[in-house]
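# Summary of structural features
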Amino acid sequence: MPDVRTPAPQVTPRPTGRVSVPAGIERVMEDRKANEYTPPEPAALTVRDLDFYYGSRRALAGIDLQFPEKMITALIGPSGCGKSTLLRCLNRMNDLIEGSRVDGEIEYHGLNLYDRGVDPVEVRRRIGMVFQKPNPFPKSIYDNVIFGARVNGFRGNADELVERSLRQAALWDEVKDDLKKSGLALSGGQQQRLCIARALAVEPEIILMDEPCSALDPIATLKIEELMRELAEHYTIIIVTHNMQQAARVSDYTAFLLAGEAGSGEVIEYGPTEEIFANPRDKRTEDYITGRFG
Amino acid sequence: MAVTQTVPSAPHEPAVNLEASGRVARRQRLSRASRYVLLGTALLGVSALVVLGIDTVMNGWGRVTPEFFTNYPSRFADQAGLRSSIIGSVWVLSLTMALVVPIGLGTAIWIEEFAPQNAVLGIIKINLANLAGVPSIIYGVLGLAIFVRFLSFGPSILAGALTLFLMILPMTIIAAQEAIRQVPDSIRQGSLALGASQWQTVWGHVLPGAMPGMITGVILAMARAAGETAALVMIGAFAFIAYDNTSIMDNFTVIPVQIYNWTTRPQEGFRADAAAGIIVLMVIVLTFNIGAAVLRERFRRH
Ligand SMILES: Nc1ncnc2c1ncn2[C@@H]1O[C@H](COP(=O)(O)OP(=O)(O)OP(=O)(O)O)[C@@H](O)[C@H]1O
Ligand SMILES: [Mg+2]
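Residues numbered from 1 in each chain as written. Chains lettered and ligands numbered in written order. Predicted model: local features only at pLDDT ≥ 70, side-chain atom pairs only at ≥ 80, totals over all residues. Heavy atoms only, no water.

## So, the interface of chain A and chain B
Note the following rule: The contact criterion used throughout is that any non-hydrogen atoms of two residues lie within 4.5 Å. Buried area: the sum, over both parts, of the accessible surface (1.4 Å probe) that disappears when the two are put together. Each polar contact in these results corresponds to two N or O atoms within 3.5 Å; when the atoms are within protein, one needs to be able to donate a hydrogen and the other to accept it, and residues that are neighboring in sequence are counted only if both atoms are side-chain atoms. Counting from the N terminus, the helices are the DSSP runs of H or I reaching at least four residues and the strands are the DSSP runs of E reaching at least two. Gly falls in the polar group here, along with every residue not listed as nonpolar (Ala, Val, Leu, Ile, Met, Phe, Trp, Tyr, Cys, Pro) or charged (Asp, Glu, Lys, Arg).
Counting residues at the interface gives 22 residues for chain A, matched by 17 residues for chain B. Buried surface at the junction of chain A and chain B, summed over both partners, amounts to about 1,500 Å²; 66% is from carbon and sulfur atoms. Considering only the side of chain A, the residues that lose the most area to chain B are A:F137, A:F147 and A:V151, jointly responsible for 28% of the buried surface there. Remark: the boundary between chain A and chain B carries 4 residue pairs in polar contact (both at pLDDT 80 or more). Put simply, the parts of the chain that give the side of chain A that touches chain B at least two residues each are α3 (120-126), β6 (127-130), α4 (141-151) and α7 (188-201) of chain A. Looking at the side of chain A that touches chain B residue by residue, the class counts come to 13 nonpolar, 4 polar and 5 charged.

Written out as structure tokens, the structure reads:
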């Protein structure tokens, strides 16, 4: 984490809620809002005015974010602010939660993921996910990797795909001698890399990672971080993390989320990671990344 | 933190006394006593079973001969055998299993994995638990009214199998539900996140994980069906069958009904036949149960 930080810029406190400002006036304002940022790269996913409800409880309010292609974007924020919820919206894993509801849209290649005709299974094939706790299937390493490809109709050379995926996940050398071994017989860090390999085997475009290192020791964590940097050459990665150093080390862009008065998560600040960490625009962002937050 | 030093002056005299005293001693005495009381009650139950078992074996062992398995029932106790009831049991139980496996497991999978979790489903779940506790004779009455009379199947193998199927369906479903719930949700999520459909997830992960529990449930339910008497007597499976069953519309008898039949005879000889029949039935049911336990252990290790 950068220690030498320029003092927080003097910004006049701005209303952060959804205040209706006449369009003309807003455009005149020189200084953009801390949460309004558009990365220069083309967007892999664009979230527009997204609200998310668990039953009647709104967990996310008015989220606007562009996730740039082949970059690593980190979602940070205190516990319960809706990071996981947002991540799960991105590949429609939230569909599985009874009584949940989405408002707004998420654009992917010009299509809205929440359009009527969109099949969540298709979405998840293209937008993979790695979970907080490693969750390998109680099957062999080989079967773990090949499962996703198989269910998606893979007909090619399975051995080759397994090797390539395991190599990409930096696990091949450790397991190549015994691919028949149960995935559960691996260490936590190896299991997590197996889960990454499993996700890669489906050849997704985007990989979502929800605190992928929180169950791992520092060495395994470093390995996964290195791996993420390599993967970012080919994949768009969105990662939730509680670890500020990790966000600073590994991500290109960072979004800071916070639950508002009503307990609904909002984006407080978004921008290039160095800027967020070196020069946060919002006081609350600064408080959070310096650990002055409750 | 300040630590008050309490070094004993004489090194051989410990500072604390760790022998039980006062309340602790009383609690410990009670604890020891309860162990013996519980052992006593357990022995009482087990010894009653052992005495029953020994009595049965002494009465019936002499009749467990090869002919006992190949003879049809007879007016003469020393010529009576289990042939038609064994064949009847095989027919009825096979048919029952053919019905309960797809329908019972299918229902459980549907309830746990596909059904909308709403109030209607809640009511169905509660009713399943209740149905599993309904006495078998009630299923007999139901079978008599629906299958024997209304659908005119008569006291046939089909009617018997359908009745037993209804009887063991709730417990099969509940056991399978339990097994399905043992499969952790993280596995389902992992599978779905790879772009597997719900069915692919169920087929590829949930079913393999739940299989040992589901098989065990089916076997235990089948053991209960194999020993069922009242429901089948109720639907009229009480005939004298001196031929081999060839069709599901045949009248039939099964081992427990045959045993019951023998116990109603006044002649002494039939008592021995009944005891011999009980030995056979006990061996069958025990085999079912051991099979279930072995399977469960085998799967658990993998
Ligand atoms: N399945 C659910 N049903 C109802 N409410 C939920 C559910 N999952 C999460 N929530 C609520 O939504 C809010 C956001 O949860 P979420 O898990 O997205 O937070 P998070 O930012 O990921 O927190 P953490 O950092 O602790 O993982 C929380 O208040 C949580 O209680
Ligand atoms: Mg979370």
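## Points about the side chain of A:N94
Residues and elements named next belong to chain A. Quick reminder of the rule: Per-residue accessibility, obtained with a 1.4 Å probe over protein chains only, is compared with the maximum for each type, and a residue is labelled buried under 20%, exposed over 50%, and partly exposed between these values.
Note on placement: N94 falls in the loop between α2 (83-90) and β4 (100-108). The exposure class of N94 is buried, given its relative accessible area of 0%. If near-sequence neighbours (up to four positions away) are discounted, N94 is found in contact with F52, Y54, T85, R88, C89 and S100.

## Topic: the site of ligand 1
Residue and element names in this part refer to chain A. Note the threshold: Consider each residue's heavy atoms; a residue with any of them within 4 Å of a molecule or strand counts as near. Here the accessible surface of atoms and residues is derived via Shrake-Rupley with a 1.4 Å probe, and residues count as covered only by protein chains that are part of the display.
Around ligand 1, 14 residues are found, and the nearest of them are S79, K83, S84, T85 and H242. R57 has a polar side-chain atom sitting 3.0 Å from an oxygen atom of ligand 1. In the environment of ligand 1, an oxygen atom lies 3.3 Å from a nitrogen or oxygen atom belonging to the backbone of C81. With the chains in place, 65% of the 630 Å² that ligand 1 exposes on its own is no longer accessible. Elements supplying a minimum of two residues to the shell around ligand 1: β2 (57-68) and α2. No other element matches α2, which puts 4 residues into the shell around ligand 1. In the shell around ligand 1, the residues fall into 4 nonpolar, 6 polar and 4 charged.

## Let's talk about the pairing of strand β3 (residues 72-76) of chain A
Residues and elements named next belong to chain A. Defined as follows: Strand pairing is defined by DSSP finding a minimum of two bridges between the two strands.
The buried fraction of β3 is high, at 5 of 5 residues. Of the two faces of β3, the one lined by I72, A74 and I76 and the one lined by T73 and L75 are each fully buried. Judged from the 4 bridges that link them, β3 and strand β8 (residues 236-240) form a sheet pairing that is parallel. If you follow I72 over to β8, its bridge partner there is I237. Relative to strand β9 (residues 253-259), β3 is paired through 4 bridges, and the arrangement is parallel. Bridge pairing in β9 places A74 opposite T254.

## Here we look at the packing of helix α3 (residues 83-114) of chain B against helix α6 (residues 157-181) of chain B
Residues and elements named next belong to chain B. Formally: Comment: axis = line fitted to C-alpha atoms, over the contacting stretch for helices; angle = value between 0 and 180 degrees taken between N-to-C directions. Two helices cross in a left-handed way if the nearer one is turned anticlockwise from the farther one by less than a right angle. They cross in a right-handed way if the turn is clockwise.
Where α3 meets α6, the axes come as close as 7 Å, and the angle between the chain directions of the two elements is 35 degrees. Judged by the twist between their axes, the crossing of α3 over α6 is right-handed. Split into classes, the residues belonging to the contact of α3 with α6 amount to 22 nonpolar, 6 polar and 3 charged.

## Here we look at the state of the cysteines
Applied cut-off: Count a disulfide wherever a pair of cysteine sulfur atoms falls within 2.5 Å.
Tallying each qualifying case throughout the model produces 0 disulfides over all chains. This cysteine, A:C195, is not joined by any disulfide, and A:C213 carries the nearest cysteine sulfur, 12 Å off.

## What to know about the domain arrangement of chain B
Residues and elements named next belong to chain B. To keep things clear, this is the line we draw: A domain assignment, automatic or from a database, supplies the domain bounds used here. Should a side-chain nitrogen of Lys or Arg be within 4 Å of a carboxyl oxygen of Asp or Glu, the pair is scored as a salt bridge.
Domain parsing of chain B yields domain 1 (3-63) and domain 2 (66-301). Each of domain 1 and domain 2 has a C-alpha centre, and these two points are 40 Å apart. Listed by partner, the interface residues are 6 residues for domain 1 and 11 residues for domain 2. Summing both sides of the interface, domain 1 and domain 2 together bury roughly 640 Å²; the carbon and sulfur share of this comes to 69%. Counting across the interface, domain 1 meets domain 2 through 1 salt bridge. For the salt bridge of R63 with D273, the shortest nitrogen-to-oxygen distance reads 2.5 Å. Where domain 1 packs against domain 2, one counts 3 residue pairs in polar contact (both at pLDDT 80 or more). The class makeup of the residues in the side of domain 1 that touches domain 2 is 2 nonpolar, 3 polar and 1 charged.

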